[in-house]
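Topology and contacts: notes
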Amino acid sequence: MNWDDSSRAPEGAAGEGGDPAGGRLVGAVADGEDQAVEAALRPRDLGEFIGQERVREQLDLVLRAARARGATADHVLLSGAPGLGKTTLSMIIAAEMGAPIRITSGPAIQHAGDLAAILSSLQEGEVLFLDEIHRMSRPAEEMLYMAMEDFRVDVVVGKGPGATAIPLELPPFTLVGATTRAGLLPPPLRDRFGFTAHMEFYEPAELERVVHRSAHLLDVPVEGEGAAEIAGRSRGTPRIANRLLRRVRDYAQVKADGLVTREIAKAALKVYEVDARGLDRLDRAVLGALLKLFGGGPVGLSTLSVAVGEERETVEEVAEPFLVREGLLARTPRGRVATPAAWAHLGLTPPQGVPGGAGQQGLFGS
């Protein structure tokens with residue numbers, strides 16, 4: 001079971017670690033309860049880590065080679081959506097190298113001095129985990145270039161013409177950067193990482209293994225079909241799978257004998273308004289407005305946001321990514337358009353003259 005804790009530091013705009021629709025059961029950003037549970041459930045080594053097979057294999061080679069040389073591991077960049085395991089992998093890297101780990105985040109480093117203070121206190125071989133690395137300030141970013149490449153920083157003492165740059169040698173360390181938006185990293189920073197990995201969404205079979213492992217550690221009896229039901233509604237994200245498991249556990253303890261079966265999982269997630277494809281109230285509200293009020297689109301984002309009573313950023317950054325990934329909604333130059341799969345999912349029949357309607361080809365020319 002794997003996830004990352006992307007809420008260790010204050011977060012900002014949606015899509016960069018923050019969730020403007022906070023409190024969603026299917027939100028990928030960790031809340032306080034998630035952090036407490038994840039600390040107990042987090043895998044300790046690559047052998048326990050479920051999923052991300054290619055990343056695990058490549059990272060294992062990098063770490064084993066570094067240990068064989070008696071050297072510090074190369075700097076590592078992990079990219080991917082929240083909840084897929086970036087923080088977990090950073091801790092595993094430290095454990096595999098037998099080194100301590102220091103955890104901070106880009107938003108917490110607003111000045112070069114903040115970064116210099118962290119770097120100057122690192123021990124030799126220590127792992128520095130920098131979450132949301134793309135949100136660092138530019139001066140700190142430029143200082144990080146030299147620190148990663150030459151293990152040295154220049155500390156400026158004084159101001160104006162009398163300012164002096166004092167070179168400060170750093171012990172070799174491993175930087176593990178994590179980002180949800182790799183495209184926002186400047187090329188000079190991206191190029192200084194020796195190993196770069198992209199975390200993919202999980203397959204249902206992998207999430208079943210996550211659910212079974214978490215259920216065992218939480219002492220929750222779960223049947224195979226019950227685990228499969230939870231995994232199928234988890235949006236390909238281990239953090240969401242663990243959160244749904246906890247809510248189903250609560251339902252099973254109160255309404256049944258504590259055993260998580262398929263029927264119990266379905267009944268519990270119906271109470272929490274998470275449907276068979278993992279859509280929640282907000283997702284269905286967006287699809288419902290698009291289909292029922294605007295005939296499937298196209299419709300502008302602002303108009304759609306007003307129709308569902310949510311902020312534009314909430315619809316664009318929270319609801320739409322999953323709907324697009326599921327093939328239920330398409331973003332076009334003319335606006336948002338529902339796909340035939342969206343009509344089918346809500347049990348509605350497309351009217352004549354819209355994609356997927358009678359006598360019409362599908363949106364993608366099926």
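Numbers given for residues are sequential positions, taken from 1 along each chain in its written order. Per-residue local features of the predicted model are confined to residues with pLDDT of at least 70, and side-chain atom pairs are confined, for both listing and counting, to 80 or more; whole-chain, interface and lining totals are unaffected and use all residues. Calculated side-chain values reflect all of the structure's heavy atoms, with hydrogen atoms and water omitted.

Right, let's get into helix H8 (residues 224-232). Three labels apply to residues, based on accessible area from a 1.4 Å probe with only protein chains included: buried if under 20% of the type maximum, exposed if over 50%, partly exposed otherwise in between. Helix numbering and strand numbering both begin at the N terminus, where a helix is a DSSP run of H or I of at least 4 residues and a strand a DSSP run of E of at least 2. Listing the buried residues of H8 in full gives Gly226, Ala227, Glu229, Ile230 and Ala231. In what follows, a contact means two residues having at least one pair of non-hydrogen atoms within 4.5 Å. In the core, the buried residues of H8 are packed alongside helix H7 (204-218), helix H9 (238-255) and helix H10 (262-271).

The next thing to look at is the environment of Arg281. With respect to the element layout, Arg281 can be found in helix H11 (residues 281-293). Along the sequence, Arg281 and Ala319 sit 38 residues apart, while their C-alpha atoms lie 9.9 Å from each other.

We now examine the sheet that holds strand S3 (residues 127-131). Think of it this way: DSSP has to see at least two bridges between two strands before they count as a pair. Taken in spatial order, the 5 strands of this open sheet run S2-S3-S6-S1-S7, and their pairing is parallel. Edge positions in the open sheet fall to strand S2 (101-105) and strand S7 (195-198), since each of these has one partner strand only. Across the sheet, the mean angle from the axis of one strand to that of its neighbour is 15 degrees, orientation sign disregarded. Bridge count between S2 and S3: 5 bridges; the pairing is parallel. Following the sheet pairing, Ser105 is matched in S3 by Asp131. Angular values range over 0 to 180 degrees, each being the angle between N-to-C directions of two axes fitted as lines to C-alpha atoms, with helices fitted over their stretch in contact.

What follows concerns the pattern of salt bridges. Pairing between side chains of opposite charge can happen when their charged atoms approach one another. Any Lys or Arg side-chain nitrogen found within 4 Å of a carboxyl oxygen on Asp or Glu counts as a salt bridge. Summed over the entire model, instances satisfying the criterion amount to 19 salt bridges. With its nearest N and O atoms 2.7 Å apart, the salt bridge here joins Arg336 to Glu320. Residue Arg336 is located in strand S9 (residues 335-338), and its partner Glu320 is located in helix H13 (residues 312-325); the two are separated by 16 residues in the primary sequence. On the basis of relative accessibility, which here comes to 12%, the residue Arg336 falls in the buried class.

This part is about the nonpolar core. A general trend in soluble globular proteins is that nonpolar side chains are found buried together. Counting residues in each nonpolar core, the largest one holds 44 residues, and the members touching the most others are Leu59, Leu89, Ile230 and Val248. Sorting elements by how many residues they give to this core places H9 first, with 7 residues. When near neighbours in sequence (up to four residues on either side) are disregarded, Leu59 contacts Leu46, Val76, Leu89, Ile93 and Phe195. For our purposes a nonpolar core is just a set of buried Ala, Val, Leu, Ile, Met, Phe, Trp, Tyr and Cys residues, chained together by side-chain atoms within 4.5 Å. Counting 24 residues, the second largest nonpolar core, distinct from the first, contains Ala116, Leu119, Leu130 and Phe193.

Any two rings among Phe, Tyr and Trp, with Trp reduced to its six-membered ring, count as a pair given centres within 6.5 Å; such a pair is stacked if its planes are under 30 degrees apart, edge-to-face if over 60, and tilted if neither. A full pass over the atoms with the stated rule returns 1 aromatic pair. Looking at Arg235, its charged tip hangs above the ring of Phe322, at a distance of 4.0 Å from the centre. Only when the NZ atom of a Lys or the CZ atom of an Arg is both within 6 Å of the ring centre and within 35 degrees of the ring normal do we say a charge sits over the ring.

Of all 5 residues in S3, 5 are buried; the element is thus mostly enclosed. Here S3 shows two buried faces, one formed by Val127, Phe129 and Asp131 and the other by Leu128 and Leu130. By definition, the crossover connecting two strands over a helix is right-handed if that path, from the first strand to the second, turns clockwise as seen with the strands pointing away from the viewer. As a crossover connection, the stretch from S2 through helix H4 (residues 112-120) into S3 is right-handed. Pairing between S3 and strand S6 (residues 174-179): 4 bridges, direction parallel. Bridge pairing links Leu130 to Gly177 in S6.

If you trace the backbone, Glu229 turns up in helix H8. Among the residues examined, Glu229 registers a relative accessible area of 9% and is labelled buried.

Side chains that are three or four residues apart share a direction in an α-helix, a result of its 3.6 residues per turn. A helix is expected to span 1.5 Å for every residue after the first. An ideal rise of 1.5 Å per residue puts 24 Å on 17 residues; helix H2 (residues 53-69) measures up with 25 Å between its terminal C-alpha atoms. Restricting attention to buried positions, one finds in H2 the residues Val55, Arg56, Leu59, Leu63 and Ala66. The buried residues of H2 occupy an angular sector of 100 degrees when the element is viewed end-on, so they sit on one face. In this structure, H2 carries Arg54, Glu57, Leu61, Ala68 and Arg69 as exposed residues pointing more than 90 degrees from its buried face. Looking at the buried positions of H2, the neighbouring elements they touch are strand S1 (76-79), helix H3 (86-97) and S7. Gly70 occupies a position one or two residues after H2 and carries a positive phi of about 70 degrees. Picture the helix axis, draw a direction to every C-beta atom, and the arc is the one those directions span.

Here the focus is the environment of Ala197. If you trace the backbone, Ala197 turns up in strand S7. Counting along the chain gives 118 residues from Ala197 to Ser79, while the straight-line C-alpha distance between them is 6.4 Å. Beyond its immediate stretch of four places on either side in the chain, Ala197 contacts Val55, Leu77, Leu78 and Ser79.

It is worth spelling out the pairing of S1 at this point. Where burial is concerned, the two faces of S1 agree: the one with Val76 and Leu78 and the one with Leu77 and Ser79 are both buried. In terms of strand pairing, S1 meets S6 through 4 bridges, oriented parallel. Bridge pairing in S6 places Leu77 opposite Gly177. Here 4 bridges tie S1 to S7, and the two strands are oriented parallel to one another. Counterpart to Leu77 in the pairing with S7 is Thr196.

Our focus in this paragraph is unusual backbone geometry. One non-glycine residue with positive phi stands out, namely Gln52, at about 50 degrees. On the secondary structure map, Gln52 appears in the loop between helix H1 (32-41) and H2. Non-glycine residue Glu132 carries a positive phi angle of around 45 degrees.

Function cannot be inferred from these measures alone, as they are strictly geometric.
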